[in-house]
Amino acid sequence: MILSCAVVIAACGQDPMKAGAKYLATGDYAAALIEFKNAVQTEPNSVSARLALADASEFSFDPMNAERHLRKAIELGAEPNALVPRIVSLMLDRNELEPLIREFADRHLVSREAESNLRALVALAYASQNRMSPAKEQLLAAAVSTPTVRVAKAQLLLAEGQAQQALAELNTVQEIASLASAASTVPAALASWWTLRAQSRLFKAAGDQPRALASIKKAHEDAPWHHGLTGEYAEALISAGKIADAVPLRDKLLAQAPSYFWTHYLNAVVLSNQGRREDSHAAALKVLAVSPDHLPAVLLASSAELQSGDVQMADIRLRQLLKLYPTSVPALQMHASAQFQQRKISEAQETIRRGLGIVPSDAILLALRAEIEVRSGALNKAAATLETLVSSHPNDAPSLLRLSELKFRQGNKQAATALLDKAVELGREDPMVRDQIVTISMRNGDVARVRKLAEYAIQSRPQDPKSHLVLAAAQGYQRDFAGAWRSTLVALDLQPGFDAALMALAGMAKQPAQRQELRSRFEKAIQNKTSTAQTYLAYVALLRADGPVNGGVAALLEKGVAMHPNAPLLREALVMENLRAGNTDAALSVAQTGASSNNAPVAAAALLASTYERLGKTELATEAYRKLVSSYPQRTDWRLKLAQMEASGNGKVQATTLLRKLISERPFDRAAYVALAMLIAPDDAHEAVAVARELGTMEPHRLSAMLLEGDVLVQSAKTDDALKQYAKAAKAGAEPAAALRIVGLLDRTRRHAAAEEELAITLRKFPEDATVLGYAGQRALSQSKAERAVELLQKRVSKSPGDPVLLNDLAWAQVLAKKPQAMDNASKAVRLLPDNASVLDTLGMAQAQLGKHEEAMLSLRTAVNLAPTAPLPRMHLAELQLASGDSKAAASTLQPVNTKLLSPADRIVLAQLNKRLQN
């Protein structure tokens, strides 16, 4: 084995102090650390060795060891005047305020300059605790106005609201020389970066951002080894809008200090800027685990939660933050939005009032106030608010458009048109604003404006495909469909992969020749570098509707994934296509490749987990969900899924722990209470009831909790108590859910007559309720009353004719009732849910009933491939295989069926199938 000279340098006969100094000069701090440790080990009482090791430790970002060796150097006789201020600055850097004050508030140094620096550092520690009186006393004892003293004075002035005086104090601080090379004295370099950083923070607090950035940049240049400086410099760059310059600094910290506070924060900001919301959210939560009140990280996390619909979590987070930062306008903006989304209108109005009291012209708050006023019907107030917004932001085209819309609603067409004219003038170069103008104009029948806008766009940007698509929209509105078709084709000639134009063309393509043209345009698009993942997905939908060509859907998706490897929906489509064809190994390979690629999106890891689960690879799926939950704790759906999988895999203790933690972190979230109560009910009914009642202490969940308590009693085999609890819930207002639970429990305990009567009463009370109709339909199916089920489910579908789940339920009832309409409804459901095994199963049975055995076999085989662990599609496929005389295939199909997943009735059917196999 070959050892580097850095390890065996003593054996090489070289002086470890000289070797360490050489490594330090070249920035190889790890090697320098080894050398200086060797030197200390050889001469433990050497002051120079201790100081060198302290320097290397600090350069390796190990301030605690640096401090330890500095203290040891003083014990061995080193000069305290040079080292004590450095020790204190290290403690201050780690925010060890109380120990610092306790040890050094009354300690004094001989050197007037060192003593002054010490007093200033202690003053800063007091100031950080908001103890201004002793801080001032410390500064008064500073005889020499060193840069550190001036920085401390500026800090105190700023704390007292004297920003200009603080800036004046900073202006008197002399330029501190940079560390020209590693050979320069380390104490000077440390003083330089420390003071420059303090200056930067003060400049930032005083509102002088350019000087703040210049100071922190200089500090970083003087001490590039300091992770905290790297983080602060990167944050300053981001605040200045220079995110691209901050990314290399983030990457440096990821490599050198992946678990560091600043690394997580910078990662959150950069990922947010890149549109990777889940990853940014996860990184922000890592920041908050260390510093719960970090303002920027709370804003990042809250923003992600608002975007993902986790409004209650954002509300709680922002409410806590505003107690500490009551004047943070971004926090007030988000909090008002969260309150508005939860329909807490009066609270939102108060938050908006607070924010406008700080910044009266804030566009976001004014726009939100106007939206609240519009929804409450106070159009005059909303118009006044928007007029205030427009007067403060006269060149904001979206605000002008919003006010124009409102004027149209009020019937003031002249004012609305004038506002629209101004918005056109300001925003016609902006595609998003232009689209809004087109929408408003078409809504008001102003085709001429749209046409004029399109003509302007074509004249000013004839090579921009969007210009021609605007013209196509105007032509379509004028019913000039031939012109719209031609304009759309021109847009696609300019940009073959222009998805909006392809979608517009698809909407117009009705005739066979037009459909052929549409296919050829998609072919051109996927050959072009401008194609997107959406282009491929749209083409797949077209091929499935019209019939595949050129190698089929799988080949197209493979090409798409090769072009766009980090497009999660495209990769998922390829996984599903392979599963449909029964190529499980290929499907798994596609999912694994996506999850293991560099910088893979979180959706790729989630796809792998769901693919494992779908294929019945429970252990692998559970482990995959564990990793997801560890990396993305904000995803409650994955945490609930993991708890479910742990429980089903004999990990009931782990599942219970997961759910209790989820409740402690999200006490407002009903799903975790329900899952926990139902999990523990069979073993500890008393505790399960306690969980349900804890949920009931929150008013929004009071009725749900009453129902949950009844469900727990059912699980605990306390039937009569459960019926009483459901009746209590019904009386409290939990209707019709409580009544349907009573029906189900009566059926389960074979009190069918009572169940029938209860359901009849419920149907009379709620004759149009979709839930009641659906339940009654499913119950009729279970009783082999197919005709009655069709009647009820048809009524339910009429209320939501586009719901694929309802269409599938109706189609299945029609299959059992032997009605030919089953085929039509099942086909509609499949078009909406092409990869759903249950829907394909229904379609297969409908096809079989009409004598379309080949199509039925294909549909059922696809259903089995998509859900290999689901028993019913296998049983239905085996039934057809037996009918066609292929008993060997039927036996193979039935072999994996898990009887534990079957109802008693389905077990009888399975036994009959097996008996037919034996015959």
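Worth saying up front: this structure is predicted, and the values here are computed from it rather than measured. (Residues numbered from 1 in each chain as written. Predicted model: local features only at pLDDT ≥ 70, side-chain atom pairs only at ≥ 80, totals over all residues. Heavy atoms only, no water.)

## With respect to the overall build of the chain
For step 1, the next point in the chain: Each helix and strand counted, the chain has 53 helices and 0 strands in total.
For step 2, the next point in the chain: Across its three principal directions, the C-alpha atoms of the chain cover 100 × 75 × 65 Å.
For step 3, the next point in the chain: Within the chain, the fraction of its 919 residues that count as buried is 48%.
For step 4, the next point in the chain: Restricting to contacts in the chain with at least 6 residues of sequence separation, those with at least 24 account for 48%.
For step 5, the next point in the chain: Surface accessibility of the chain: about 44000 Å² in total, with carbon and sulfur atoms responsible for 53%.
For step 6, the next point in the chain: A distance of 4 Å separates the average location of the 106 positive side-chain charges in the chain from that of its 95 negative side-chain charges. (Helix = DSSP H or I, 4+ residues; strand = E, 2+ residues; numbered from the N terminus. Buried < 20%, exposed > 50% of the residue type's maximum accessible area, 1.4 Å probe, protein only. Contact = heavy atoms within 4.5 Å. Areas by Shrake-Rupley, 256 points an atom, 1.4 Å probe, with all protein chains shown as cover. Lys, Arg positive; Asp, Glu negative; His and termini not counted. Charge placed at Lys NZ, Arg CZ, Asp CG, Glu CD.)

## Some remarks on the confidence of the model for the chain
For step 1, the next point in the chain: In this model, the chain carries an average pLDDT of 91, and 96% of its residues clear a pLDDT of 70 or more.
For step 2, the next point in the chain: Of the regions scoring below 50 in pLDDT, residues 1-11 engages in 15 contacts with residues more than four places distant in sequence or in other chains.
For step 3, the next point in the chain: Here residues 174-190 scores under 50 on pLDDT; set against residues more than four positions off or in separate chains, the count is 21 contacts. (pLDDT = per-residue confidence, 0-100.)

## Concerning the environment of Asp62
For step 1, the next point in the chain: With respect to the helices and strands, Asp62 occurs in the loop between helix H3 (47-59) and helix H4 (63-75).
For step 2, the next point in the chain: C-alpha separation for the pair Asp62 and His226, spaced 164 residues apart in sequence, amounts to 9.7 Å.
For step 3, the next point in the chain: Of note is the side chain of Asp62, whose polar atom sits 2.7 Å from the side chain of Asn65. (Polar contact = N/O pair within 3.5 Å; in protein donor to acceptor, adjacent residues only side chain to side chain.)

## Things to note about the packing of aromatic side chains
For step 1, the next point in the chain: A full pass over the atoms with the stated rule returns 8 aromatic pairs.
For step 2, the next point in the chain: With a centroid separation of 6.0 Å and 90° between ring planes, the pair formed by Trp193 and Trp225 is classed as edge-to-face. One end of the pair, Trp193, is in helix H11 (residues 186-205); the other, Trp225, is in the loop between helix H12 (209-222) and helix H13 (227-239), with 32 residues separating them in the sequence. Comparing Trp193 with Trp225, the two get one shared label, buried.
For step 3, the next point in the chain: Through a chain of ring-to-ring contacts, three or more aromatic side chains come together here, namely Tyr29, Phe59, Trp193 and Trp225.
For step 4, the next point in the chain: The aromatic ring of Tyr456 is capped on one face by Arg428, whose charged end is 3.9 Å from the ring centroid.
For step 5, the next point in the chain: Over the aromatic face of Trp638 sits the side chain of Arg635, whose NZ or CZ is 3.8 Å from the ring centroid. (Phe/Tyr/Trp six-rings, centres within 6.5 Å; stacked < 30°, edge-to-face > 60°. Lys NZ or Arg CZ within 6 Å of the ring centre and 35° of its normal.)

## Remarks on the side chain of Glu305
For step 1, the next point in the chain: With respect to the helices and strands, the residue Glu305 is situated in helix H17 (residues 295-308).
For step 2, the next point in the chain: Classification of Glu305 as buried rests on a relative accessible area of 2%.
For step 3, the next point in the chain: A distance of 2.7 Å separates a polar atom in the side chain of Glu305 from a polar atom in the side chain of Arg317.

## Some points on helix H21 (residues 363-375)
For step 1, the next point in the chain: Over its 13 residues, H21 extends 18 Å from the first C-alpha to the last, a length consistent with the 18 Å expected when each residue adds 1.5 Å.
For step 2, the next point in the chain: Those residues of H21 that sit buried are Leu365, Leu366, Leu368, Ala370, Ile372, Glu373 and Val374.
For step 3, the next point in the chain: Among the structural elements, helix H19 (329-341), helix H20 (345-358), helix H22 (379-392) and helix H23 (397-409) are those in contact with the buried residues of H21.
For step 4, the next point in the chain: Taking the backbone nitrogen of Ile364 as reference, a side-chain oxygen 3.3 Å away marks Asp362 as the first, capping residue of H21.
For step 5, the next point in the chain: Where H21 terminates, the next one or two residues include Gly377, which has phi positive at roughly 85°. (Expected span 1.5 Å × (residues − 1).)

## Regarding the packing of helix H26 (residues 447-460) against helix H27 (residues 465-477)
For step 1, the next point in the chain: The geometry of H26 relative to H27 is characterised by a closest axis approach of 8 Å and an angle of 155° between their N-to-C directions. When the axis of H26 is compared with that of H27, the two are roughly antiparallel. Along this stretch, H26 crosses H27, giving a crossing that reads as left-handed. Where H26 approaches H27, its residues Val447, Val450, Arg451, Ala454, Ala457 and Ile458 are matched on the opposing element by Ser467, His468, Val470, Leu471, Ala474, Gln475 and Tyr477.
For step 2, the next point in the chain: Residues of the contact of H26 with H27, tallied by class, amount to 9 nonpolar, 3 polar and 1 charged. (Axes fitted to C-alpha atoms, helices over the stretch in contact; angles between N-to-C directions. Parallel < 35°, antiparallel > 145°, perpendicular 65-115°, else oblique. Left-handed = near helix turned anticlockwise from the far one by under 90°. Nonpolar A, V, L, I, M, F, W, Y, C, P; charged D, E, K, R; others polar.)

## Structural notes on the nonpolar core
For step 1, the next point in the chain: Judged by nonpolar contacts, the single largest core of 101 residues is most densely connected at Leu92, Leu100 and Phe104.
For step 2, the next point in the chain: The biggest single contributor to this core is helix H7 (residues 112-128), with 10 residues.
For step 3, the next point in the chain: Leu92 has contacts with Leu97, Leu100, Leu121, Leu124, Ala125 and Trp194, leaving out every residue within four places of it along the chain.
For step 4, the next point in the chain: The next biggest cluster of nonpolar side chains, apart from the first, holds 91 residues, and it includes Ile526, Val590, Ala789 and Val830. (Core = buried A, V, L, I, M, F, W, Y, C linked by side-chain atoms within 4.5 Å.)

## A few points about unusual backbone geometry
For step 1, the next point in the chain: Omega for the peptide link from Glu735 to Pro736 comes to 0°, which places this bond in the cis form.
For step 2, the next point in the chain: Turning to its location among the elements, Pro736 is positioned in the loop between helix H42 (719-732) and helix H43 (737-748).
For step 3, the next point in the chain: Although it is not a glycine, Arg479 sits at a positive phi angle of roughly 65°.
For step 4, the next point in the chain: Within the fold, Arg479 resides in the loop between H27 and helix H28 (481-494).
For step 5, the next point in the chain: Although it is not a glycine, Asn650 adopts a positive phi angle of roughly 65°.
For step 6, the next point in the chain: Examined against the element boundaries, Asn650 turns out to sit in the loop between helix H37 (636-648) and helix H38 (652-665).

## Quick notes on the side chain of Glu709
For step 1, the next point in the chain: Along the chain, Glu709 turns up in helix H41 (residues 702-715).
For step 2, the next point in the chain: Exposure remark for Glu709: the relative accessible area of 10% places this residue in the buried category.
For step 3, the next point in the chain: Glu709 has contacts with Val689, Ala692, Arg693 and Gln725, leaving out every residue within four places of it along the chain.

## Quick notes on the pattern of salt bridges
Side chains bearing opposite charge may pair, as long as their charged atoms lie close to each other.
For step 1, the next point in the chain: Inspection of the entire model under this criterion finds 62 salt bridges.
For step 2, the next point in the chain: The salt bridge involving Arg86 is made with Asp55; its shortest N-O contact spans 2.6 Å. With a gap of 31 residues between them, Arg86 in helix H5 (residues 80-93) and Asp55 in helix H3 connect regions that are remote in the sequence. One exposure class covers both Arg86 and Asp55, and it is buried. (Salt bridge = Lys/Arg side-chain N within 4 Å of Asp/Glu carboxyl O.)

## Considering H23
In an α-helix, one turn spans 3.6 residues; hence positions three or four apart end up facing the same way.
For step 1, the next point in the chain: Taking 1.5 Å of rise per residue, the 13 residues of H23 would be expected to cover 18 Å, and the 19 Å separating its terminal C-alpha atoms lies within 8% of that figure.
For step 2, the next point in the chain: Listed as buried for H23 are Ala397, Ser399, Leu400, Leu401, Leu403, Ser404, Leu406, Lys407 and Phe408.
For step 3, the next point in the chain: On the buried face of H23, the contacting elements are H21, H22, helix H24 (413-427) and helix H25 (431-443).

## A look at the environment of Ile238
For step 1, the next point in the chain: Mapped onto the elements of the fold, Ile238 is located in helix H13.
For step 2, the next point in the chain: Take Ile238: its relative accessible area is 16%, and that puts it in the buried class.
For step 3, the next point in the chain: Separated by 371 residues in sequence, Ile238 and Ala609 have C-alpha atoms that sit 35 Å apart.
For step 4, the next point in the chain: If we skip the residues at most four places from it in the chain, Ile238 touches Ile243, Ala246, Leu266 and Val269.

## Quick notes on the packing of H23 against H24
For step 1, the next point in the chain: Packing of H23 against H24 brings their axes to within 8 Å, and their N-to-C directions diverge by 160°. Taken as axis vectors, H23 and H24 run roughly antiparallel relative to one another. Seen along the crossing, H23 lies across H24 with a hand that is left-handed. The residues of H24 that touch H23, namely those facing Ala397, Leu400, Leu401, Leu403, Ser404, Lys407 and Phe408, are Lys413, Ala415, Ala416, Thr417, Leu419, Leu420, Lys422, Ala423, Leu426 and Gly427.
For step 2, the next point in the chain: When its residues are assigned to classes, the contact of H23 with H24 shows 11 nonpolar, 3 polar and 3 charged.

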